[in-house]
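Per-entry structural report
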Number of protein chains: 2
Amino acid sequence: MRIVVLAGGIGGARFLRGLQQASPDADITVIGNTGDDIHLFGLKVCPDLDTVMYTLGGGINEEQGWGRTDETFHLKEELAAYGVGPEWFGLGDRDFATHIVRTQMLSAGFPLSAVTEALCDRWKPGVRLIPMSDDRVETHVAVTLPDSGERKVIHFQEYWVRLRASVAAEAVVPVGAEQSKPAPGVLEAIAEADVILFPPSNPVVSVGTILAVPGIREAIAEAGVPVVGLSPIVGDAPVRGMADKVLAAVGVESSAAAVAEHYGSGLLDGWLVDTVDASTVERVEAAGIRCRAVPLMMSDLDAAARMAAEALTLAEEVRGA
Amino acid sequence: MRIVVLAGGIGGARFLRGLQQASPDADITVIGNTGDDIHLFGLKVCPDLDTVMYTLGGGINEEQGWGRTDETFHLKEELAAYGVGPEWFGLGDRDFATHIVRTQMLSAGFPLSAVTEALCDRWKPGVRLIPMSDDRVETHVAVTLPDSGERKVIHFQEYWVRLRASVAAEAVVPVGAEQSKPAPGVLEAIAEADVILFPPSNPVVSVGTILAVPGIREAIAEAGVPVVGLSPIVGDAPVRGMADKVLAAVGVESSAAAVAEHYGSGLLDGWLVDTVDASTVERVEAAGIRCRAVPLMMSDLDAAARMAAEALTLAEEVRGA
């Protein structure tokens, strides 16, 4: 079975690990979000790609969900001693190596997709990991700074990591997306997929950014195979992160049903909500999307595997319908 | 008193620390060798400038004489895990920060001299450290590889660090030197100096490379102030490093007197040899260079300070002559 997964960072990576356990023989292609990529200290940092790579490759810091295990922060300390920032982005000594290798390869002329493949040669994540695009797309967020009242457009990472989404996101713009092209292999993988899954990643700044690359949304809608998603919202709060903040920016209420409606039945065939949201199943189905309520808390690998299995079961239901 | 010192790496840095102790009120300008600079992992590494900066700024690894104290090598481990080399150059996690800041500033358009000044803002070495040139000069060495018999021109660092000068240096070429210009401040410092010192740095690949920048040798010769050097050769062996290997490449025998003659009386007014070389004082003086035999082993800071004091004393003798 060929499965295509559109993945953001932590949620996507943990779901993928569950999917590998639930479907060990599946041929999995991951289309990774690069909208949260950022240039720091002259280096190209791809947080979501790296989180997927490190998580599936056994190098992730399990507690925090991002960054490397057995990590030290001496380089970062020294940058701070030089007065060179930003200090709010946590790059460890081991992690820096990934960004140095990536930057060096990009400077040598390799596209990000080829660089990602080369990095994965080491990590062997057990999936094919492709960035959504080789072109630069950077998600920016419009905010009003509370102290000065100044309206400012900042990089998504500054909003998410430095401000911790503590102010309202007035707009979320994937800068460069309109001019970007899917990376080599993305459309082919979608066209050849048996199932397409949206993990419980952020529907705006993770999955939404991938869908903003012209051609990807259309390819998924026209693939003719089940497209099943898992709600990142449980009850009225995001399972992880601050998805509600950016949902508001695109006018979507923070609920499992509203996210399904946001994707829409033109794209999504099936949707899993958590059991606490069982009452919204009817609303989702009324929108033309097959819906089931199952436990959606990825508390451990087995829980993630059960979620993945439920998503595949729902996909088969969709296919048989 | 305004003192200008032409410095290489470890020997130059340790001598400078002695000079600061011997002459605490002196206004010291260091013209640093950049011929051993190298691009590694897309980063600009300036080993000699950093050794001076770290040594005088209290950040040096005292035992090895280069690199940072309290250092870790996690980033380097990871680069090796990615299969990205070279592995033979020891860059630590803390040290990497210096190269990242430097590279970022250079990419932003600052010349190396301005970058070095900015880095020294943190380290406060107590001297003005200026690279010999803002232009790229890279010392290369012609060798015949023992296994294959292949004649090859390699970067000085590859010769020095990877091969540990285990094969003969057939030629030593400061590539780019002819087209280079002294960095801003270099010629001015020489013109305003009261004394100019050559520490016991390598006469070919350290001091020699600085002198290969057009204008520097001439400015020193015409400064009209005492120019005093200290022999890096004691007995018939270099005090440190492998200076004899590169002396052979320029046709100079490995002896204290031969190095003085190599600099020549047109450049050098005074020369210190070690007490074991007292018998060569006469030969050096016959070449028109005032010479004294004093202990030249920089075994500790006090020994370095005594050597610096002897150099200043000899300079005053030259001035009075």
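Here the structure is a predicted model, which is why all the values come from computation and not from measurement.

**Regarding the overall build of chain A**
Scanning chain A for helices and strands turns up 13 helices and 14 strands. The dimensions of chain A, computed from C-alpha atoms along their principal axes, are 60 × 45 × 40 Å. Partitioning the intrachain contacts of chain A with sequence separation of at least 6 by distance along the chain shows that 69% fall at a separation of at least 24. Element-wise, carbon and sulfur atoms account for 50% of the exposed surface of chain A, whose accessible area totals about 12,200 Å². Here chain A holds 25 positive side-chain charges and 44 negative ones, and the gap between their average locations is 2 Å.

**Quick look at the nonpolar core**
Counting 110 residues, the largest nonpolar core has Leu19 and Leu197 of chain A together with Leu19 and Leu197 of chain B as its most contacted members. The residues touching leucine 197 of chain A, leaving out its near neighbours within four places in the chain, are Ile3, Val4, Val5, Leu6, Phe15, Leu19, Val228, Ala311 and Leu312 of chain A. Grouped together as the second largest cluster of nonpolar side chains are 59 residues, Trp160, Ala165, Val207 and Val281 of chain B included.

**Focus: the environment of glycine 65 of chain A**
Residues and elements named next belong to chain A. Mapping glycine 65 onto the fold places it in the loop between helix 2 (47-57) and helix 3 (74-81). Residue classification places glycine 65 among the buried positions, given a relative accessible area of 3%. Counting along the chain gives 250 residues from glycine 65 to alanine 315, while the straight-line C-alpha distance between them is 28 Å. With sequence-adjacent residues up to four places away left out, glycine 65 is seen in contact with Ile10, Arg14, Thr51 and Ile60.

**Overview of the side chain of glutamine 157 of chain A**
Residue and element names in this part refer to chain A. Structurally, glutamine 157 can be placed in helix 6 (residues 156-162). Here glutamine 157 falls in the buried class, since its relative accessible area comes to 4%. Within the structure, the side chain of glutamine 157 is placed 2.8 Å from the backbone oxygen of aspartate 36, a separation counted as a polar contact. Setting aside anything within four residues of it in sequence, one finds glutamine 157 in contact with Asp36, Ile38, Pro47, Trp88, Phe89 and Arg162.

**Observations concerning the pairing of strand 13 (residues 270-273) of chain A**
Residues and elements named next belong to chain A. What you see with strand 13 is no split at all: Gly270 and Leu272 on one side and Trp271 and Val273 on the other are buried throughout. Where strand 10 (residues 227-230) and strand 13 come together, three bridges link them in parallel fashion. Bridging from a neighbouring strand, valine 228 pairs with glycine 270 of strand 13. In this sheet, strand 14 (residues 290-293) lies alongside strand 13 in parallel orientation, the contact comprising four bridges. Bridged to leucine 272 within strand 14 is arginine 292. Considered for its hand, the β-α-β crossover made up of strand 13, helix 12 (residues 281-286) and strand 14 is right-handed.

**Quick word on empty space enclosed by the protein**
Gaps left between atoms show up when a probe the size of a water molecule is rolled over them. All names here are of chain A. Applying the stated criterion to the full structure yields one cavity of 30 Å³ or more. Empty space within the largest cavity amounts to approximately 40 Å³. In terms of lining, the largest cavity is formed by Ile10, Ala13, Arg14, Arg17, Thr51, Thr55, Ile60, Asn61, Glu62 and Gly65. Elements supplying a minimum of two residues to the lining of the largest cavity: helix 1 (10-22) and helix 2. Counting residues per element, the lining of the largest cavity draws most heavily on helix 1, at four residues. Of the residues assigned to the lining of the largest cavity, the class counts are three nonpolar, four polar and three charged.

**Let's talk about helix 4 (residues 93-107) of chain B**
Residue and element names in this part refer to chain B. Counted at 1.5 Å a residue, the expected span for helix 4 with its 15 residues is 21 Å, and the 21 Å between its end C-alpha atoms agrees. Counting buried residues along helix 4, twelve of its 15 residues qualify, which places the element largely inside the surrounding structure. Listed as buried for helix 4 are Asp93, Arg94, Asp95, Phe96, Ala97, Thr98, His99, Ile100, Val101, Arg102, Thr103 and Met105. Following helix 4 by one or two positions, glycine 109 has its phi on the positive side, about 105°.

**Section: the domain arrangement of chain A**
Residue and element names in this part refer to chain A. Domain annotation of chain A identifies domain 1 (2-133 + 178-320) and domain 2 (138-170). Taking only C-alpha atoms, the centre of domain 1 and the centre of domain 2 are 22 Å apart. Domain 1 puts 17 residues into the contact, and the matching count from domain 2 is 14 residues. Roughly 1,300 Å² of surface becomes buried between domain 1 and domain 2 when both sides are summed, with 66% attributable to carbon and sulfur atoms. Broken down residue by residue, the surface that domain 1 buries against domain 2 is led by Trp88, Met242 and Lys245, which jointly contribute 42%. At the boundary of domain 1 and domain 2, one finds zero salt bridges. Taken together, domain 1 and domain 2 are joined by four residue pairs in polar contact (both at pLDDT 80 or more). Listed by contribution, the elements that provide at least two residues to the side of domain 1 that touches domain 2 are strand 3 (38-40) and helix 10 (243-249).

Conventions we followed
- Residues numbered from 1 in each chain as written.
- Chains lettered and ligands numbered in written order.
- Predicted model: local features only at pLDDT ≥ 70, side-chain atom pairs only at ≥ 80, totals over all residues.
- Heavy atoms only, no water.
- Helix = DSSP H or I, 4+ residues; strand = E, 2+ residues; numbered from the N terminus.
- Contact = heavy atoms within 4.5 Å.
- Areas by Shrake-Rupley, 256 points an atom, 1.4 Å probe, with all protein chains shown as cover.
- Lys, Arg positive; Asp, Glu negative; His and termini not counted.
- Charge placed at Lys NZ, Arg CZ, Asp CG, Glu CD.
- Core = buried A, V, L, I, M, F, W, Y, C linked by side-chain atoms within 4.5 Å.
- Buried < 20%, exposed > 50% of the residue type's maximum accessible area, 1.4 Å probe, protein only.
- Polar contact = N/O pair within 3.5 Å; in protein donor to acceptor, adjacent residues only side chain to side chain.
- Pairing = 2+ DSSP bridges.
- Right-handed = clockwise from strand over helix to strand, strands pointing away.
- 1 Å grid on protein atoms, 1.4 Å probe; cavity = no way out; pocket = protein on both sides within 12 Å on 5 of 7 lines; lining within 4 Å.
- Points joined across faces, edges and corners; volume = space filled by probe spheres on them.
- Nonpolar A, V, L, I, M, F, W, Y, C, P; charged D, E, K, R; others polar.
- Expected span 1.5 Å × (residues − 1).
- Domains from an automatic or database assignment.
- Buried area = accessible area lost by both parts, 1.4 Å probe.
- Salt bridge = Lys/Arg side-chain N within 4 Å of Asp/Glu carboxyl O.

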